[in-house]
Amino acid sequence: RSVRNGRSAIIREGISAPPERRTPMPEIGDTAPDFTLQEDFDTKVSLSDFRGKKVLIFFHPFSYTEICEGEICELRDDGSLQRDDLEVLNIACDGWPIRQAYKMHVNGNGRWLSDFWPHGEVSKAYGVFDDDWGTCMRGTFLIDEDGVITHKLVNMGIADRRDQSVYAEWLA
């Protein structure tokens, strides 16, 4: 874990493509890569829509899988994330109809966005796309009101849960 000026980065490697085969990950203090993703049939969401608010970007590999569901339910049940000054963007490489059905299945919070096409483009911009698995890995980025990355927690192991207890610390 590295901490600088009250900002933190936690990166864990696991069963995934080696780092040299992945897109570089933005650093703490970098402006977060902007994006626009499909939420549902007629709604697209851009990161820049939320300037002036903090944004928690939560990437996960697969819908309807045990580890992802556990993490998503933990995210849903974390009271520290229920704030007016925070937007949660839950992103995976599934198509938008799957994203919305899964959101209803787990009674998920926040916005559920599809990084399906162009496949994994946003996950690649954040350095969490894994070519071997063809999906994003587990990455969480906290973006401040000015669009700057203040914290990140990335776990590049497909079967390794994140320690999500840090989110409350990040927002304190």
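Refer to the structure above for everything that follows.
Report on the accompanying structure. (Residues numbered from 1 in each chain as written. Predicted model: local features only at pLDDT ≥ 70, side-chain atom pairs only at ≥ 80, totals over all residues. Heavy atoms only, no water.)

**Some details on the nonpolar core**
This is how the line gets drawn: Only buried residues count toward a nonpolar core, which is a set of Ala, Val, Leu, Ile, Met, Phe, Trp, Tyr and Cys residues joined through side-chain atoms within 4.5 Å. When a residue's accessible area, from a 1.4 Å probe over protein chains only, is under 20% of the maximum for its type it is buried; when over 50% it is exposed; and in between it is partly exposed. Secondary structure elements are taken from DSSP: a helix is a run of H or I of four residues or more, a strand is a run of E of two residues or more, and numbering for both begins at the N terminus. Any two residues having at least one pair of non-hydrogen atoms within 4.5 Å are treated as being in contact.
Of all hydrophobic cores here, the largest spans 27 residues; its most connected members are Phe35, Leu47, Ile57, Phe59, Tyr126, Val128 and Phe141. Where this core is concerned, the elements lending two or more residues are strand S5 (54-59), strand S6 (86-92), strand S10 (138-143) and strand S11 (149-155). When residues of this core are assigned to their parent elements, the largest contribution, 3 residues, is made by S5. When near neighbours in sequence (up to four residues on either side) are disregarded, tyrosine 126 contacts Met25, Pro26, Ala32, Pro33, Phe35, Leu47, Ile57, Phe59 and Phe141. Residues Ile72, Leu86, Tyr102 and Val106 belong to the second largest nonpolar core, which totals 17 residues.

**Considerations on the pairing of strand S4 (residues 43-46)**
Quick reminder of the rule: Strand pairing requires that DSSP identify at least two bridges connecting the strands.
As paired elements, strand S3 (residues 36-40) and S4 share 4 bridges and run antiparallel to each other. Each bridged residue has a counterpart across the sheet, and for glutamine 38 the counterpart in S4 is lysine 44. Linking S3 to S4, which pair antiparallel, is a turn of 2 residues.

**Notes on the side chain of threonine 135**
As for its position among the elements, threonine 135 is in strand S9 (residues 135-136). Look at threonine 135 and you get buried, because its relative accessible area is 3%. With sequence-adjacent residues up to four places away left out, threonine 135 is seen in contact with Pro61, Phe62, Cys93, Val128, Phe129, Asp130 and Ile158.

**What to know about the side chain of aspartate 94**
Going by this rule: The convention is simple: Lys and Arg are positive, Asp and Glu are negative, and His and the chain ends are not counted. The working definition used for a salt bridge is a side-chain nitrogen of Lys or Arg within 4 Å of a carboxyl oxygen of Asp or Glu.
Tracing the sequence through the fold places aspartate 94 in the loop between S6 and helix H2 (96-106). Nearest to the buried, unbridged aspartate 94 among oppositely charged side chains is arginine 99, at 4.0 Å. Those residues in contact with aspartate 94 that sit more than four places away from it in its chain are Phe62, Ser63, Arg99, Ser114, Asp115 and Phe116.

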